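This is what each chain is made of:
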Amino acid sequence: MTSKGKYYITTAIAYTSGKPHIGNCYEIILADAIARYKKADGFDVHFQTGSDEHGQKIETRAIEENMTPKEFVDKTAGTIKSLWDMMGTSYDRFIRTTDADHELQIQKIFKKLYDQGDIYKSSYEGKYCTECEAFYTETQLRDGKCPVCGGAVHDEKEEAYFFKMKKYADRLIEHINTHPEFIQPVSRKNEMMNNFLLPGLQDLCVSRTSFKWGIPVDFDEKHVVYVWLDALSNYITGIGYDADGNSSDLYKKNWPADLHLIGKDIIRFHTIYWPIFLMALGEPLPKQVFGHPWLLQGGEKMSKSKGNVIYVDDMINIFGLDAVRYFVLHEMPYENDGTITWELMTERVNSDLANTLGNLVNRTVAMSNKYFGGAVANKGADVPEIDDDLKAVVTGAYEKVEKLMDTLHVADALTEIFAVFKRLNKYIDETEPWVLAKDPAKQDRLATVLYNLSEGIIIGASLLAPFLPTTAGKIAEQLGASLRDFDQLGTFGANQGSKVTEKPEILFARLDKEEILKKAEEVQARQRQEFLEHQKVAFANLVKAGRMTQEEADAKWAELTGSAGAKAGENAATGAVQESIDVEAKPEITYDDFAKLQFQVGEILACEAVKGSKKLLCSKVKVGSQVKQILSGIHGTYEPEEMVGKKVMVLVNLAPRKMAGLMSEGMLLCAEDAEGKLSLMTPEKDMPAGAEIC
């Protein structure tokens, strides 16, 4: 490929308040597809992502987990990075705002802006949303709540440093008006102009004193840098910007960024605050900021408390990586919110991936093996009235996709690529290779048809590679061919002869919707239980730290569980300990007696009540590579849906016995208090199913 120059793309850095759900992960998949496409298209790409690790919310989350803030962000950033890697993200740097080089430059930037008079000290009083780390005026609130997340706001008053936003407002308005491509989609630009810039900007609070988890202002250490000045600057610090003028060659090569890819909820910070910071620093503005829409679960924002969160690792475990990539890229409109459901995901896998693409490749490979021993060769026996249209569709695809990718219409670009595969399927119906195979005089025509299919598939797969890299590689491997450079995609007939695999692999198996929905129910039940267990501990730690009263904890617990008057965690949130009890002693045993017992960690995959029994639950328990059926008399304490996903202690070598007509293959260990209440024994830390308890 001829070099087309540099292309610097960034995502918003993920906030380390918790594990990202699929809606958060959409952005990194989208960015990766764009980065891979640009690289294949001849650009020298630099792709940066990372994690945003400072702020009041992080400090609170750390208290909930009984960790220091640094311990908490180390853990959460590790989770985020592992998810990005699981999705095959081709980033060049994963920056953390706790990285030493970033923190040093933030202090330099703050001092530079202060020294040149852009920052001054005063005090702030207004409405603050902890969840969004943002201040709002009364007029910006919606029904008295945060206009972005819908959460509660509270009054904040503290000493702070402020940035003189008004000083640069007119210059920014002029830039937006003269650079129509700067904010995309256009609706986002109109929102920023009409709601913020034209009514007049307020000076921005850029430091905080009410918490300590942030980068200290080195000349006034009572203050920490406000999270948005800290986080936004990662786009330049991550490539070597130096406020003293000694920026790296990487910075000089790549800045300004070609694309900041962000969610629509944070577009204000990226198209107003960030450009003004850059103007004050004397640096060029990014070429484009694209505020993508949200991916909603059945039309609603995902929420742990609602129990409708979908995590990307769960989806990958059920559907596979490229199926997930395809879905989120294809289903997200350019401007409006997209919808994800387990049913819709299953339908797309079956219709687009298994049928349109997978079946096409499988049939082509199978027919090549059946009729020509796997050899693919062009015999030149074209039928122009049929073949010419096919070739035009295949060779014309790149130009259509290129135009769509230039304007970030990624879903539409994928549709154009799949139009190639649909046209190839139609070509099979038009040419009927199985009919040609019956006529010895038409063997050259049959070979040419299969050649045209193979050639069309490899061109389509080459275009598909940035979006579904693993699948595209498998297609090329099965066809015995190589993926093409983009500048070769307008040529039909580059393959001079190849041999397909003898054992084709099914790219995407058809899925049973009922099975998928059952798995989804198990996943959601597990997540709900994990969320409630986490909240018990979080409320307890917040109460202990004086960040929440017991009454507030009880009220929040009742709100979560829908049980008025409930106590937060029934002692779990209060940290209270029941009085000790004595039980009747059993005969003493030797170590050899104990050594006969085998205890392991089990994971409950499914659970249901036993018909005809008020006490028994029947659980499917994964122990290592085995799944055991275990009956337990705990239905008075646990509901079946509570059990799914729990890690429990299992006595695994107990002789099987029948209970209520069902076979039980072990025992779940429980504790019992003086009132007969039971509590399953669970490992303190997350352990794999099968881990030995010793």
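This text goes with the structure placed above it.
Residues numbered from 1 in each chain as written. Predicted model: local features only at pLDDT ≥ 70, side-chain atom pairs only at ≥ 80, totals over all residues. Heavy atoms only, no water.

Trainee: Explain the pattern of salt bridges to me, please; I cannot follow it from the model alone.
Mentor: Should their charged atoms come close, side chains of opposite charge can pair. Per the stated rule, a full pass over the model turns up 40 salt bridges. Across the salt bridge formed by Glu53 and Arg96, the nearest N and O atoms sit 2.6 Å from each other. Pair noted here: Glu53 is in the loop between strand 3 (44-52) and helix 2 (56-64) and Arg96 is in strand 4 (residues 93-96), with a separation of 43 residues, a long-range link. For Glu53, a relative accessible area of 0% puts it in the buried group. (Salt bridge = Lys/Arg side-chain N within 4 Å of Asp/Glu carboxyl O. Helix = DSSP H or I, 4+ residues; strand = E, 2+ residues; numbered from the N terminus. Buried < 20%, exposed > 50% of the residue type's maximum accessible area, 1.4 Å probe, protein only.)

Trainee: In this structure, what is going on with the packing of aromatic side chains? I would like to understand it.
Mentor: What characterises a pair of aromatic rings is the spacing of the ring centres plus the angle enclosed by the ring planes. Taken as a whole and assessed by the stated rule, the structure comprises 25 aromatic pairs. Note on Phe110 and Phe219: the rings are 6.0 Å apart at their centroids and 45° apart in plane angle, and the pair reads as tilted. With a gap of 109 residues between them, Phe110 in helix 4 (residues 100-115) and Phe219 in the loop between strand 10 (207-208) and strand 11 (224-225) connect regions that are remote in the sequence. Phe110 sits in the buried class, given a relative accessible area of 1%. Judged by relative accessible area, which is 30%, Phe219 ranks as partly exposed. Plain terms: the ring middles of Phe269 and Tyr273 are 5.4 Å apart, the flat faces sit at 65° to each other, and that makes the pair edge-to-face. Note that Phe269 and Tyr273 are positioned in helix 10 (residues 267-281) at a spacing of four residues, about one turn of the helix. Classification of Tyr273 as buried rests on a relative accessible area of 9%. Joined through ring pairs, the aromatic side chains of Tyr8, Tyr235, Tyr241, Tyr251, Trp255 and Trp274 make up one cluster. When the ring centre of Phe219 is taken as origin, the NZ or CZ atom of Lys111, which lies over that ring, is 5.9 Å away. Geometry around Trp294 places Lys264 over its ring, the cationic atom sitting 4.5 Å from the centre. (Phe/Tyr/Trp six-rings, centres within 6.5 Å; stacked < 30°, edge-to-face > 60°. Lys NZ or Arg CZ within 6 Å of the ring centre and 35° of its normal.)

Trainee: Honestly, the sheet that holds strand 5 (residues 119-129) in this entry has me stumped. Any pointers?
Mentor: The strands making up a sheet associate through hydrogen bonds between their backbones, and the pairing can be parallel or antiparallel. The strand order across the open sheet built from four strands is 6-5-7-9, with neighbouring strands paired in antiparallel fashion. Pairing within the sheet leaves two strands with one partner each, and these edge strands are strand 6 (134-136) and strand 9 (204-205). Pairing analysis gives two bridges linking strand 7 (residues 154-163) to strand 9, with the strands arranged antiparallel. Within the sheet, the bridge partner assigned to Phe162 lies in strand 9 and is Cys205. (Pairing = 2+ DSSP bridges.)

Trainee: How should helix 18 (residues 443-464) be read in this particular structure?
Mentor: Since the α-helix advances by 3.6 residues per turn, residues separated by three or four positions end up pointing in the same direction. Over its 22 residues, helix 18 extends 31 Å from the first C-alpha to the last, a length consistent with the 32 Å expected when each residue adds 1.5 Å. The buried fraction of helix 18 amounts to 20 of the 22 residues, a majority that puts the element mostly inside the structure. (Expected span 1.5 Å × (residues − 1).)

Trainee: When you look at the packing of helix 2 against helix 3 (residues 69-86) in this model, what are you seeing that I'm missing?
Mentor: Think of two packed helices as two axes; the pair is described by the angle between the axes and how far apart they sit. Across the interface, helix 2 lies against helix 3 with an axial gap of 8 Å and an inter-helix angle of 95°. In terms of their interaxial angle, helix 2 and helix 3 are classed as roughly perpendicular. Along its contact with helix 2, which presents Ile58, Arg61 and Ala62, the element helix 3 presents Pro69, Phe72 and Val73. The residue makeup of the contact of helix 2 with helix 3, split by class, is five nonpolar, no polar and one charged. (Axes fitted to C-alpha atoms, helices over the stretch in contact; angles between N-to-C directions. Parallel < 35°, antiparallel > 145°, perpendicular 65-115°, else oblique. Contact = heavy atoms within 4.5 Å. Nonpolar A, V, L, I, M, F, W, Y, C, P; charged D, E, K, R; others polar.)

Trainee: Teacher, can you tell me more about helix 1 (residues 22-40) here?
Mentor: Compared with the 27 Å implied by 1.5 Å per residue over 19 residues, the 26 Å span of helix 1 between its first and last C-alpha is a close match. Extensive coverage of helix 1 is indicated by the burial of 15 of its 19 residues. Immediately downstream of helix 1, the backbone of Gly42 shows phi near 105°, a positive value.

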